[in-house]
Amino acid sequence: MNNPRQITSLRAAAVISSTIIGVGILSFPRYMTEAGNSSAPLVAFCGVLFSFISYWLLASLCQRFPQETLFVFSRRLIGRPLAAIFTVVIMLLFIVLTGLTVRQFGDVATTVLYKKTPIEATIFLMLLISLLSSRRNVVKFSYIHFFYLPLIVGSILVTILLSLKNVEMLNLQPVLMAPGLQFWKGTREATYLFQSSFVIVLLIPFMEKPGHAVRAGAWAIFLSGAIYVLIVIASVGIFGAEETKLLIYPTLEMARSAAFGEGFLERLDAIFIIIWVISVYTTIYTTYYISAYLLHKLLRFRDQRMASTVLLPVMFILAMLPSNVFESYQWALHLGNAGMMLMFGYPLLLWTVYLLRRHKKKVTS
């Protein structure tokens with residue numbers, strides 16, 4: 001490749017945004033309502049803000065080293081052994097995240113779409129598609145996300161806008177409630193959906209303008225965040241806070257309430273679920289890609305093709321470990337907690353070492 005810097009800021013934003021919009025979109029309003037009742041949109045909004053702060057910490061650090069990924073420059077900052085340990089931990093996090101995400105997809109797919117299809121077949125096919133996609137390089141990886149994003153965002157926005165006409169404003173009141181422990185717990189859970197914005201560390205060395213990484217992430221996080229907040233507003237506004245808590249997939253029920261014209265496009269939920277499958281694919285594709293990339297670097301394979309093949313059975317076994325949908329949800333929460341500490345704590349550690357070394361260099365000179 002003559003010019004490795006082929007990824008524009010817009011395409012980087014597309015990768016992050018299509019990764020964030022994924023499997024959690026169907027049940028997201030329920031989690032937010034359990035945390036904040038009618039203040040659920042505010043809980044989601046605070047989650048978006050915290051996610052951006054965490055992203056800014058990571059992306060602004062990576063911008064200082066535009067020629068390298070996080071896994072390369074971290075060796076110079078904290079030493080090769082410690083950097084290798086953190087790289088292994090991050091890789092394990094994304095391997096488990098991929099397994100649990102594809103399991104959640106399998107649970108929904110066998111409940112809503114393919115009721116007579118074994119969940120093992122659904123999970124295996126999604127992993128196989130992700131494996132084949134992960135054999136491409138980073139530039140082609142970004143093109144795939146850029147291709148699917150307008151379809152995902154456009155379809156979801158149309159569904160939300162059609163649903164908003166059924167909103168009862170009374171269901172959204174009071175808008176602001178005193179934020180307690182449950183409120184902030186919900187905010188923390190909302191940030192879990194944005195952890196895959198970590199993919200920016202792979203994109204920066206290939207971006208035409210690495211200095212725009214924070215800006216690209218801001219577009220992506222606030223676009224996907226706006227979609228999540230609108231979905232919560234529509235769900236709570238249509239069903240009310242108490243009923244939303246009882247629905248397993250409130251977003252799907254919201255899509256079922258949307259209709260366009262009399263007798264024309266009355267089953268928007270069918271279109272919505274197709275778009276949801278595509279959005280899940282782009283999310284799993286990214287987490288699979290990050291896992292394969294890290295394994296390829298750690299084991300020093302020639303490229304990531306072998307690494308992506310090796311990971312398939314591991315992720316399949318991980319996906320089959322939870323015994324039911326509730327257990328997979330609990331596992332996802334625990335993983336989200338661990339991921340949040342890692343995604344916030346590791347860049348903070350690297351920032352501290354970077355600033356100390358720069359200060360020492362200035363004093364010496």
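Predicted, not measured: the structure shown is a model, and the values here were computed from it.

Rules of the game
Every chain's residues receive numbers from 1 upward, in the order its sequence appears when written. Per-residue local features are limited, in this predicted model, to residues with pLDDT of at least 70; the limit for side-chain atom pairs, both in listing and counting, is 80 or more; totals at the level of whole chains, interfaces and linings are taken over all residues. Calculation of side-chain values draws on the structure's entire complement of heavy atoms; hydrogens and water are dropped beforehand. Numbering goes from the N terminus for both helices and strands, where a helix is a DSSP run of H or I of at least four residues and a strand is a run of E of at least two. The atom set for the radius of gyration is the C-alpha atoms, and the globule formula is 2.2 Å times the number of residues raised to the power 0.38. A simple rule labels every residue: compare its accessible area, found with a 1.4 Å probe on the protein chains alone, to the largest value its type can have, and call it buried under 20%, exposed over 50%, or partly exposed in between. In this analysis, two residues are considered to be in contact whenever any of their non-hydrogen atoms come within 4.5 Å of each other. Residue-level accessible areas treat just the shown protein chains as cover; the underlying method is Shrake-Rupley with a 1.4 Å probe. His is not counted here, nor are the chain ends, while Lys and Arg score as positive and Asp and Glu score as negative. The location of each charge is read from NZ of Lys, CZ of Arg, CG of Asp or CD of Glu. Each residue after the first adds 1.5 Å to the expected span of a helix. Cavity: a set of points on a 1 Å grid over the protein atoms alone where a 1.4 Å probe fits but cannot get out. Pocket: an open set with protein on both sides within 12 Å along at least five of seven lines, its lining residues, like those of a cavity, having an atom within 4 Å of a point. Grid points are joined across faces, edges and corners, and a volume is the space filled by probe spheres set on the points. N or O atoms within 3.5 Å of each other form a polar contact, as long as, within protein, one can give a hydrogen and the other can take it, and as long as residues adjacent in sequence are counted only when both atoms are side-chain atoms. The rule for a salt bridge is simple: a side-chain nitrogen of Lys or Arg has to be within 4 Å of a carboxyl oxygen of Asp or Glu. The pLDDT score gives, residue by residue, the confidence of the prediction method on a 0 to 100 scale. Patch definition: residues with relative accessible area over 30% and no salt bridge; like charges joined within 9 Å; nonpolar side chains (Val, Leu, Ile, Met, Phe, Trp, Tyr) joined within 5 Å. We define a nonpolar core as any set of buried Ala, Val, Leu, Ile, Met, Phe, Trp, Tyr and Cys residues linked to one another through side-chain atoms lying within 4.5 Å. Pairing of aromatic rings covers Phe, Tyr and Trp, the last through its six-membered ring, and needs centres within 6.5 Å; plane angles under 30 degrees mean stacked, over 60 mean edge-to-face, and all others mean tilted. Two conditions define a charge located above a ring, namely a distance within 6 Å from the ring centre to NZ of Lys or CZ of Arg, and an angle within 35 degrees of the ring normal.

### Re the overall build of the protein chain
And step 1. Across its full length, the protein chain holds 15 helices and 0 strands.
And step 2. By the compact-globule yardstick of 21 Å for 365 residues, the protein chain fits well, its C-alpha radius of gyration being 21 Å.
And step 3. For the C-alpha atoms alone, the extent of the protein chain along its principal axes is close to 70 × 45 × 40 Å.
And step 4. Expressed as a percentage of its 365 residues, the buried residues of the protein chain come to 54%.
And step 5. Long-range pairs, those at least 24 residues apart, make up 84% of the contacts in the protein chain between residues at least 6 apart in sequence.
And step 6. When the accessible surface of the protein chain is summed, it comes to about 16500 Å², and 67% of that surface belongs to carbon and sulfur atoms.
And step 7. Between the centroid of the 30 positive side chains of the protein chain and the centroid of its 15 negative side chains there is a distance of 20 Å.

### Re helix 10 (residues 213-239)
And step 1. Here helix 10 contains 27 residues, and its C-alpha end-to-end distance of 39 Å stays within 8% of the 39 Å for a straight helix at 1.5 Å per residue.
And step 2. Of all 27 residues in helix 10, 20 are buried, a share of seventy percent or more.
And step 3. Just downstream of helix 10, Gly 240 is the residue with a positive phi angle, here 85 degrees.

### Examining the layout of surface pockets
And step 1. By volume, the largest pocket is sized at about 1100 Å³.
And step 2. In terms of lining, the largest pocket is formed by 50 residues, of which the most central are Gly 24, Ser 27, Tyr 31, Gln 104 and Tyr 329.
And step 3. Broken down by secondary-structure element, the contributors of at least two residues to the lining of the largest pocket are helix 1 (9-20), helix 2 (28-36), helix 5 (80-113), helix 8 (181-191), helix 12 (250-257) and helix 15 (325-364).
And step 4. In terms of residue count, the dominant contributor to the lining of the largest pocket is helix 5 (10 residues).

### Remarks on the side chain of Ser 38
And step 1. Counting through the fold element by element, Ser 38 comes out in the loop between helix 2 and helix 3 (40-62).
And step 2. The buried category is assigned to Ser 38, whose relative accessible area is 8%.
And step 3. Among the polar contacts listed, one links the side chain of Ser 38 to the backbone oxygen of Pro 174, at a separation of 2.7 Å.
And step 4. Residue contacts for Ser 38: discarding those within four places in its chain leaves Asn 171, Leu 172, Gln 173, Pro 174, Val 175, Met 177, Val 236 and Ala 241.

### Topic: the pattern of salt bridges
And step 1. One pass over the structure, following the stated rule, counts 4 salt bridges.
And step 2. Residues Arg 76 and Glu 68 are paired through a salt bridge, measuring 2.8 Å at the closest nitrogen-oxygen approach.
And step 3. For Arg 76, a relative accessible area of 45% translates into the label partly exposed.
And step 4. Residue Glu 253 pairs with Arg 256 through a salt bridge whose shortest N-O separation is 2.9 Å. With Glu 253 and Arg 256 both in helix 12 and 3 residues apart, this pair spans about one turn of that helix.

### Quick notes on the confidence of the model for the protein chain
And step 1. Confidence in the prediction of the protein chain, expressed as mean pLDDT, is 89, and 96% of residues score 70 or more.
And step 2. Mean pLDDT across the elements of the protein chain ranges from a minimum in helix 12, with 85, to a maximum in helix 1, with 94.

### Here's the deal with a positive patch on the surface
And step 1. Residues Arg 135, Arg 136, Lys 140, Arg 302 and Arg 305 make up a contiguous surface patch of positive charge.
And step 2. In this fold, Arg 136 is placed in the loop between helix 6 (119-134) and helix 7 (138-164).
And step 3. A residue is classified by how much of its surface remains accessible, and Arg 136, at 37% relative accessible area, is partly exposed.

### A short note on unusual backbone geometry
And step 1. The omega torsion across Gln 173 and Pro 174 is 0 degrees, close enough to zero to call that bond cis.
And step 2. Positionally, Pro 174 belongs in the loop between helix 7 and helix 8.
And step 3. Positive phi, normally seen in glycine, also occurs at Asn 37, with a value near 50 degrees.
And step 4. Tracing the backbone through its elements, the reader meets Asn 37 in the loop between helix 2 and helix 3.

### Concerning the nonpolar core
And step 1. In terms of nonpolar packing, the biggest core is built from 121 residues, with Leu 70, Ile 156, Phe 198 and Ile 200 touching the most fellow members.
And step 2. Considering each element in turn, this core owes the most residues, 16 residues, to helix 13 (residues 268-299).
And step 3. With residues up to four places along the chain from it excluded, the contact list for Phe 198 reads Leu 58, Leu 70, Phe 71, Ile 90, Phe 94, Ile 290 and Met 343.

### Comments concerning a nonpolar patch on the surface
And step 1. Among the surface-exposed residues, Phe 50, Ile 53, Trp 184, Phe 344 and Leu 348 lie close enough to one another that they form a single nonpolar patch of about 470 Å² accessible area.
And step 2. Following the sequence through the fold, Phe 50 ends up in helix 3.

### Some details on the side chain of Thr 244
And step 1. Along the chain, Thr 244 falls in helix 11 (residues 241-246).
And step 2. You can call Thr 244 buried: its relative accessible area is 0%.
And step 3. Once residues within four sequence positions are removed from consideration, Thr 244 is found in contact with Pro 29, Arg 30, Thr 33, Ser 235, Val 236, Phe 239 and Pro 250.

### Considerations on the packing of aromatic side chains
And step 1. One pass over the full model with this rule turns up 21 aromatic pairs.
And step 2. Among the aromatic residues, ring-to-ring pairing joins Phe 141, Phe 147, Tyr 148, Tyr 281, Tyr 285 and Tyr 289 into one connected group.
And step 3. The side chain of Arg 11 reaches across the aromatic face of Tyr 143, ending 4.0 Å from its centre.

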